[in-house]
Amino acid sequence: ASSVHYTPALMGKTLRRYLLREIGGAFLAGVAVLSSILFLLKVVGLLDAIFARGVPAVLVLRLLAGILPSFLEATLPMALLLGTILAFARLAADGETIAMRAAGLGLRSVLGPMAWFSVLAAVATLFLSMTARPWGHLVLARTTFEIARTRAGAALKPRFFNTDFDRMVVWVDRIDPSTGALEGVLLSDAHGEGTTVFARHGRVGADEESGDLFLHL
């Protein structure tokens, strides 16, 4: 009969794989949970306004894709911390840290997997910060402009004082969901001496070259 002798080198290799599985599982779960929380807190009100005004699903998906990189940039380091704490807390609770020290495995065997995992998380976060996030901001700006251009209801709320414009307040009685036509418009412009305009009808237009929106009354 043959027997297997577990040397410190073999046990260290097994320990590294075990730690990577423990940290990796908690890390992925943390990314999913934390990203979902931030995602819902950020877009729940926006999605309600968008779906209520009939914005195409393609534009909604593009909007969500533009927001996601900024969330992942924040959640990756938090998920790494969470995965590390959970993994070592489980090792300590099961008495496995005492078993490792009794087997001759020191702190170096534990820090190796942690260092590799931290480097991978840092590289992924750097990529998100330098590449994915600027791309997301560009997609978000273009998609927001497209939504406001195609659906006035996405930029204006009926029977509500809309103050998202520079030193202007806009009130709209009704917005036609199919055409985006505005009915019963009040515009208060605080530029210069200040002007208040009343109009029976209106529409939101856009200049694609400059990216500016305008209100035609």
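Structure: see above.
All residue numbers refer to position in the chain's written sequence, counted from 1. Totals for whole chains, interfaces and linings use all residues, but because this is a predicted model, local features are given only for residues with pLDDT of at least 70 and pairs of side-chain atoms are given and counted only at 80 or more. Processing note: side-chain calculations cover all non-hydrogen atoms of the structure and skip hydrogens and water entirely.

(A) Representation of the overall build of the protein in the model. Each helix and strand in the protein was counted, giving five helices and five strands. Starting at the N terminus and ending at the C terminus, the protein contains elements arranged as α-α-α-α-α-β-β-β-β-β. Only protein chains enter the accessibility calculation, which uses a 1.4 Å probe; a residue whose area is less than 20% of its type maximum is buried, one above 50% is exposed, and one in between is partly exposed. A total of 217 residues make up the protein; the buried ones form 31% of that total. Taking contacts inside the protein between residues at least 6 apart in sequence as the whole, the part at least 24 apart equals 53%. Note on conventions: DSSP H or I runs of at least 4 residues are helices, E runs of at least 2 residues are strands, and numbering of each starts at the N terminus. In what follows, a contact means two residues having at least one pair of non-hydrogen atoms within 4.5 Å.

(B) Highlighting the packing of aromatic side chains. Ring pairs are drawn from Phe, Tyr and Trp, using the six-membered ring of Trp, whenever the two centres fall within 6.5 Å, and their geometry is named by plane angle: stacked under 30 degrees, edge-to-face over 60, tilted for the rest. What the rule picks out here adds up to two aromatic pairs. With a centroid separation of 5.3 Å and an interplanar angle of 85°, the aromatic rings of F27 and F117 are classed as edge-to-face. Within this pair, whereas F27 is found in helix α1 (residues 8–52), its partner F117 is found in helix α4 (residues 107–150), the two being separated by 90 residues in sequence. Between F161 and W171, the aromatic rings sit 4.9 Å apart at their centres with planes inclined by 50°, giving tilted as the arrangement. Residue F161 is located in the loop between α5 (152–155) and β1 (162–165), and its partner W171 is located in strand β2 (residues 168–175); the two are separated by 10 residues in the primary sequence.

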